[in-house]
Amino acid sequence: MPSRFQAFLDELNHTYEGVHTAKENAFWAVMMGLTDDPDAAQKELDRREIELNRFLQDPEHLARVRAELAEAERAEGDDKPSEEDLVELRGWERTFASHAIDSAEARELADEIIADEGRLAVARGGMRLGYADPGGGFVEASSVRLGVMLQSEPDEALRRAAWEGLRSIEGFVLEHGFLDIVKKRNRLGKMLGAEDYYDWKVRRAEGMSKREVFDLLDELEELTRASGQRGVDELAAEHGAERVTSWNLRYLSGGEVTRDEDPYFPFDAALERWGRSFAAMGIEYRGAELVLDLVDRKGKYENGFMHGPVPAWRDNGEWRPARIQFTANAIPGMVGSGSRATQTLFHEGGHAAHFANVDMPSPCFSQEFAPTSVAFSETQSMFLDSLLDDADWRARYARDADGKPMPWELVERGIRARQKVRALQVRQMLTVCYAEKALYELADDELTPESVLDAIRAVERRLSFLDDGSPRPVLSVPHLITGDASAYYHGYVLAEMAVFQTRDFFLARDGHLVDNPRIGPSLRAAYWRPGNSRTFLEFVAELTGAPLSARHLADSANRTADQAVGAARDALEKLETVPPFQGEVELDARLRVAHGHETVCDAAEDGGFEASAKRFGVWVAERAAALA
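Report on the accompanying structure.

**Description of the overall build of the protein**
Next up, step 1: What the protein contains, in helices and strands, is 26 helices and 9 strands.
Next up, step 2: Over its C-alpha trace the protein gives a radius of gyration of 24 Å, about what one expects of a compact globule, namely 25 Å for 628 residues.
Next up, step 3: Dimensions of the protein, computed from C-alpha atoms along their principal axes, come out at roughly 75 × 60 × 50 Å.
Next up, step 4: Per-residue burial for the protein yields a buried fraction of 60% across its 628 residues.
Next up, step 5: Intrachain contacts of the protein at a sequence separation of at least 6 include 78% that bridge at least 24 residues.

**Focus: the packing of helix α18 (residues 422-441) against helix α20 (residues 490-510)**
Next up, step 1: Contact geometry of α18 with α20 gives a least axis separation of 7 Å together with a crossing angle of 145 degrees. Taking contact as the criterion, the partners of Arg422, Met429, Leu430 and Cys433 in α18 are, on α20, His490, Tyr492, Val493, Glu496 and Phe500.
Next up, step 2: Per-class residue counts for the contact of α18 with α20 are 6 nonpolar, 1 polar and 2 charged.

**Structural notes on the packing of aromatic side chains**
Next up, step 1: The final tally for this structure, using the stated rule, is 30 aromatic pairs.
Next up, step 2: Aromatic rings pair up to connect Phe265, Trp274, Phe278, Tyr285, Phe326, Phe346, Trp393, Tyr397 and Phe609 into one cluster.
Next up, step 3: Positioned above the aromatic ring of Tyr251 is the side chain of Arg159, whose terminal nitrogen or guanidinium carbon lies 4.1 Å from the ring centre.
Next up, step 4: When the ring centre of Tyr434 is taken as reference, the NZ or CZ atom of Arg462 above it lies at 5.3 Å.

**Comments concerning the sheet that holds strand β4 (residues 305-310)**
Next up, step 1: Across the sheet, which stays open at both edges, the 5 strands sit in the order β4-β7-β3-β8-β9 with mixed pairing between neighbours. Where the open sheet ends on each side, the last strands, each with one partner, are β4 and β9 (598-602). When strand polarity is set aside, the average angle formed by the axes of neighbouring strands in this sheet is 25 degrees.
Next up, step 2: Where strand β3 (residues 288-295) meets strand β8 (residues 589-595), 6 bridges bridge the pair, whose relative direction is parallel. By the bridge assignment, Val291 is partnered in β8 with Arg592.

**Let's talk about the environment of Glu598**
Next up, step 1: With respect to the helices and strands, Glu598 occurs in strand β9.
Next up, step 2: Expressed as a C-alpha distance, the spacing of Glu598 and Asp293, which sit 305 residues apart in the sequence, is 9.7 Å.
Next up, step 3: Side chain to side chain, Glu598 and Trp619 meet in a polar contact 3.0 Å long.

**Considerations on the nonpolar core**
Next up, step 1: By size, the foremost hydrophobic cluster in this structure holds 160 residues, and its most contacted members are Leu271, Trp274 and Tyr285.
Next up, step 2: In terms of residue count, α18 provides more of this core than any other element does, 10 residues in total.
Next up, step 3: Setting aside residues up to four positions removed in sequence, Tyr285 forms contacts with Trp274, Phe278, Leu290, Gly349, Ala352, Ala353, Ala356, Asn357, Leu587, Asp588 and Ala589.
Next up, step 4: Ranked by size, the runner-up nonpolar core spans 21 residues in total, among them Phe8, Leu12, Ala72 and Cys364.

**What to know about the pattern of salt bridges**
Next up, step 1: Inspection of every chain in the model, using the stated rule, returns 56 salt bridges.
Next up, step 2: Glu83 serves as the salt-bridge partner of Arg90, at 4.0 Å between the closest nitrogen and oxygen.
Next up, step 3: If you follow the salt bridges from partner to partner, you end up with Glu195, Asp196, Lys210, Lys437 and Glu441 in one network.

Reading the values: rules and limits
- Residues numbered from 1 in each chain as written.
- Predicted model: local features only at pLDDT ≥ 70, side-chain atom pairs only at ≥ 80, totals over all residues.
- Heavy atoms only, no water.
- Helix = DSSP H or I, 4+ residues; strand = E, 2+ residues; numbered from the N terminus.
- Rg over C-alpha atoms; globule rule 2.2 N^0.38 Å.
- Buried < 20%, exposed > 50% of the residue type's maximum accessible area, 1.4 Å probe, protein only.
- Contact = heavy atoms within 4.5 Å.
- Axes fitted to C-alpha atoms, helices over the stretch in contact; angles between N-to-C directions.
- Nonpolar A, V, L, I, M, F, W, Y, C, P; charged D, E, K, R; others polar.
- Phe/Tyr/Trp six-rings, centres within 6.5 Å; stacked < 30°, edge-to-face > 60°.
- Lys NZ or Arg CZ within 6 Å of the ring centre and 35° of its normal.
- Pairing = 2+ DSSP bridges.
- Polar contact = N/O pair within 3.5 Å; in protein donor to acceptor, adjacent residues only side chain to side chain.
- Core = buried A, V, L, I, M, F, W, Y, C linked by side-chain atoms within 4.5 Å.
- Salt bridge = Lys/Arg side-chain N within 4 Å of Asp/Glu carboxyl O.

The following block contains the structure:
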């Protein structure tokens, strides 16, 4: 017989699920550019987001849950709640505590910030972005295309033009209201008792203070400082110091290799490789509906992401599978597009696997916002996409259109090129974190475009060792502008620490990662099933048996190229004892690939995953031919 607490919990669960799904459906419509009226769509999203925030921020909800929890913990006899009731009540107490705002003034300010963020998003979406062609004229291009040019465009003048195109985003957002948003965010954070907005945001999501987060980041910065400088010095010795610039770094550290690797990452094979590799690791989605939108187009948000409009949960014992949507911005026919699509499938597909496998009695445990840890969420995606750089994964899965594997000579060249700048890549992630921290530590009267850019450039130069600043201009990173993703980027760095600690755990236990069928079940049991009922630090210690440390990531980043090649040879030798996955690809998911309103393939209608992947491949090839 249901306890008397169950009616209260049922109302909470279903009310939350309704407002969450409505907001997420509106979010997808805006981000995918699915409407004819972007302004109206953004206003609808703002309305739905305010509705969701009001539900979560209402202090009366938190007070009611705490009262019910206190009574439940005292109850005895027939009134005693089930253990699952207590789990739900504690989950809701933690959720509301992460969001509740007692002050009506602060709640009004939070609504105002959402409206301002929406207006900036519309303006940024309408920005005429691109690059000045050195030969004359302006070429429109998305930030995705500009980023790919920095990696693979052989003409230095065009690479510089692309980098300057990305930098133009900074001036645009600074002149279109971003600094007013920063001031209001800081006001809100201070009203809620934090040092500033950044401090409030990390306390809410990670259960850590800003100082605690940056203590960990400071350790990593110190551990990678010498190897980062070594990478710049080695590039200067090889190519000349005058060529080691912000717009050249990514190309010099692997651009030619990227072009040579490109045939082994055909875009049309990306979906099939993702499915087969995940199936070989025992990863399943527990009946979730997966909607993927993978190709760039005008009006679409210029960064990959995953959101779950329908959370996975057990409703009074009945399993309710998730609906999860994720996106990429690959460009068929462009060098690097297949690699980018594959990386997004592993990354966002890792997020999706995490949230599809949360098995808890309320949707509050399986949504991707606070109190769900940013760092922990990113650990799942980044662990799985880390496999793509492994020599043994490439030996088994990276094949050209004729089915020929990537030759060892090319694998080795790639390892040497990337390892040279591996510490710099870590430091580029750190750059975003330190720059955003500096932004929120400026006083209101210092928040001018000039002062903000000076503060950002100082961080970029210190972390990258480049006079012109970061290869990826900080304010071109969309996370800083977007409300949900602001004060968020540290999560990627903490996650990268956890990724290498997790990799080292599996390698010590099993000897290999690629096609390891124990990985999926281990992640499901230790990392995924409990949802946000534990903290990031508790999860990492639970699986790996040790507290989170920067050492595992630093050890990997600080290796010399010779050491990295030696480790790759060892992995390839081990691969000879690992049988390839031969079965059908079964992910236990209802998979559909979309391109805006168009359905590209649907596994349920196509006769299964592999038939759907083939249909996707044909569609990609046709688009590449049309764009050639």
